[in-house]
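Descriptive analysis of the structure
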Amino acid sequence: VIQILAISGSLRSKSINTKLLKAIALSAPKCGTSVKVCQLLGHLPLFNPDIEGNAPTVVHDFKAQLALADGVIIASPEYAHGITGVMKNALDWVVGSGDMVGKPVAVLNAAPRSSIAYEALKEILRTIDAHIVPEASLDVPVLGTDMEPVDMLNDGCLGPCIQQTLPALTKAIVASSR
Ligand SMILES: Cc1cc2nc3c(=O)[nH]c(=O)nc-3n(C[C@H](O)[C@H](O)[C@H](O)COP(=O)(O)O)c2cc1C
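Quick caveat: nothing in here was measured; it's all calculated off a predicted structure.

A few words on the pattern of salt bridges. If you walk through the whole model with that rule in mind, you get 4 salt bridges. Taking the shortest distance from any N to any O, the salt bridge between Lys-88 and Asp-92 comes out at 2.7 Å. On the criterion of helical spacing, the pair formed by Lys-88 and Asp-92 is a turn pair, its members being 4 residues apart in helix α3 (residues 85-93). In this structure, Glu-119 engages Lys-122 in a salt bridge whose closest nitrogen and oxygen atoms are separated by 3.4 Å. With Glu-119 and Lys-122 both in helix α4 (residues 115-127), this residue pair falls 3 residues apart, about one helical turn. Residue Lys-122 is classed as buried on the basis of its relative accessible area of 16%.

Inspection of the entire model under this criterion finds 1 aromatic pair. Considering the side-chain rings of Phe-47 and Trp-93, the 4.9 Å spacing of their centres and the 85 degrees angle between planes classify their relative orientation as edge-to-face. Of this pair, Phe-47 sits in the loop between β2 (33-37) and α2 (57-68) while Trp-93 is found in helix α3, placing the two residues 46 residues apart along the sequence. Residue Phe-47 is classed as partly exposed on the basis of its relative accessible area of 27%. Since its relative accessible area comes to 0%, Trp-93 is described here as buried.

The rules behind each value
Residues numbered from 1 in each chain as written. Predicted model: local features only at pLDDT ≥ 70, side-chain atom pairs only at ≥ 80, totals over all residues. Heavy atoms only, no water. Salt bridge = Lys/Arg side-chain N within 4 Å of Asp/Glu carboxyl O. Helix = DSSP H or I, 4+ residues; strand = E, 2+ residues; numbered from the N terminus. Buried < 20%, exposed > 50% of the residue type's maximum accessible area, 1.4 Å probe, protein only. Phe/Tyr/Trp six-rings, centres within 6.5 Å; stacked < 30°, edge-to-face > 60°.

Given below as structure tokens:
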């Protein structure tokens, strides 16, 4: 089974980005994939190169989750025209380790108006040599809808759009492993 790690850039309990990732996780079984929603971002210490060689267990756990994942899905809000601090912090931890190199990544944007952070996120991912999969990377306008994951999946308009992500990401994973 293809393993996908879903990473939300929001720590908010009612985060629409996290709900979007959970909606995709609900659609995983019928795509022959397993989607794990990462819960570690809020527990990572602030990145400091001085402690990189002797990092706390949670950093190793995060890197292990990435290493185990055949692909990654990221959804992050925009905060003041940037990606969120937690998202940037998590990515800073894997700049030197190379855990994202060549990793197929779907980048989702829950708010089409938040285009500055979305572009910034993709630029960071390109810089750390992640493999952004355009066919799996979507604008999914769910911000402000207050929808639960199951509602997103069953929505006549959003459902088919959301369900496009995993097959497209899986296709890229299979192609890159050949
Ligand atoms: C501190 C802060 C700054 C924000 N800055 C922006 C912004 O620059 N552009 C924007 O489109 N939305 C901005 N927003 C709105 C968030 O993108 C929005 O609240 C989004 O729902 C957060 O995602 P979440 O539901 O996953 O937590 C900001 C929100 C906060 C809390």
